[in-house]
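Architecture at a glance
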Amino acid sequence: QVQLVESGGGLVQAGGSLRLSCAASGRTFSYYAMGWFRQAPGKEREFVASITWSGGTTYYANSMKGRFTISRDNAKNTVVLQMNSLKAEDTAVYYCAAGPSAVAQSAQAYHTWGQGTQVAVSS
């Protein structure tokens, strides 16, 4: 089993950047694909990005392509989401999650979740 803890959220102005980190505990971290999701108030949780267990392939939601970058370091048991050119509509709680396949963009496909970190973008 793996446990996940996100950090790095905060308040930033539109156009700014934030770097979210997800620290994983447990020896099985490198077995799993990892994903980032977000949930704004009153909205469903939505896919942001995912990465294969090796880090060799990444996937992004269309609205994040070119602005967000997901990466992982299996030696350090961490996954990072670098967010640039932030917009007010990026405001949400961001969650990292572990699952069997990075191709999956449905939250139901991921079995382990962190507690989330709040990102607020002021316009």
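Assigned secondary structure in the protein chain consists of zero helices and 11 strands. Helices (α) and strands (β) of the protein chain occur, in sequence order from the N terminus, as β-β-β-β-β-β-β-β-β-β-β. A globule of 123 residues ought to have a C-alpha radius of gyration of about 14 Å, and the protein chain, at 13 Å, matches this closely. The buried share of the protein chain, taken over its 123 residues, is 46%. Relative to all contacts within the protein chain whose residues are 6 or more apart in sequence, the contacts with residues 24 or more apart total 56%. Distance from the positive charge centre (10 side chains) to the negative charge centre (6 side chains) of the protein chain: 6 Å.

Okay, the packing of aromatic side chains next. Counted by the stated rule, this structure contains five aromatic pairs. Grouped by ring-pair contacts, the aromatic residues Phe 37, Phe 47, Tyr 95, Tyr 110 and Trp 113 constitute a single cluster. The cationic tip of Arg 72 hangs over the ring face of Phe 29; the distance from NZ or CZ to the ring centre is 4.5 Å.

Moving on: the pairing of strand β4 (residues 33-39). β4 sits mainly inside the fold: six of its seven residues count as buried. Two elements, β4 and strand β9 (residues 92-99), share seven bridges in a ladder whose sense is antiparallel. By the bridge assignment for β9, Met 34 is matched with Ala 98.

Attention now moves to the state of the cysteines. Evaluation of the coordinates by the stated rule reveals one disulfide. Sulfur-sulfur distance for the disulfide between Cys 22 and Cys 96 comes to 2.0 Å. Its S-S torsion of approximately 50° makes the covalent link between Cys 22 and Cys 96 right-handed. Of this pair, Cys 22 sits in strand β3 (residues 18-25) while Cys 96 sits in strand β9; the two residues are 74 residues apart in sequence, bridging distant segments of the chain. For Cys 22, a relative accessible area of 0% translates into the label buried. According to the relative accessible area criterion, Cys 96 is buried, its value standing at 0%.

Going through the model one piece at a time under the given rule, you end up with three salt bridges. Across the pair Glu 46 and Arg 38 runs a salt bridge whose closest N-O atoms are separated by 2.6 Å. Taking relative accessible area as the criterion, Glu 46 reaches 35% and is therefore assigned partly exposed. What makes Arg 38 buried here is its relative accessible area of 7%. Salt bridges sharing partners connect three or more residues here, namely Arg 38, Glu 46, Arg 67 and Asp 90.

Turning to unusual backbone geometry, a few remarks are in order. Even without glycine at this site, Asn 77 takes up a positive phi of about 55°. Looking at the secondary structure, you find Asn 77 in the loop between β7 (68-73) and β8 (78-83).

On to the nonpolar core. Of all hydrophobic cores here, the largest spans 36 residues; its most connected members are Trp 36, Leu 81, Met 83 and Tyr 94. Those elements that provide at least two residues to this core are β3, β4, β5 (46-51), β7, β8, β9 and β11 (117-122). When residues in this core are grouped by element, the largest group, five residues, is from β9. For Met 83, the residues in contact, after removing those within four places along its chain, are Gly 16, Ser 17, Leu 18, Leu 20, Arg 67, Phe 68, Tyr 94 and Val 119.

Cut-offs applied
Residues numbered from 1 in each chain as written. Predicted model: local features only at pLDDT ≥ 70, side-chain atom pairs only at ≥ 80, totals over all residues. Heavy atoms only, no water. Helix = DSSP H or I, 4+ residues; strand = E, 2+ residues; numbered from the N terminus. Rg over C-alpha atoms; globule rule 2.2 N^0.38 Å. Buried < 20%, exposed > 50% of the residue type's maximum accessible area, 1.4 Å probe, protein only. Contact = heavy atoms within 4.5 Å. Lys, Arg positive; Asp, Glu negative; His and termini not counted. Charge placed at Lys NZ, Arg CZ, Asp CG, Glu CD. Phe/Tyr/Trp six-rings, centres within 6.5 Å; stacked < 30°, edge-to-face > 60°. Lys NZ or Arg CZ within 6 Å of the ring centre and 35° of its normal. Pairing = 2+ DSSP bridges. Disulfide = S-S within 2.5 Å. Salt bridge = Lys/Arg side-chain N within 4 Å of Asp/Glu carboxyl O. Core = buried A, V, L, I, M, F, W, Y, C linked by side-chain atoms within 4.5 Å.

Geometric descriptors of this kind do not, in isolation, establish any biological role.
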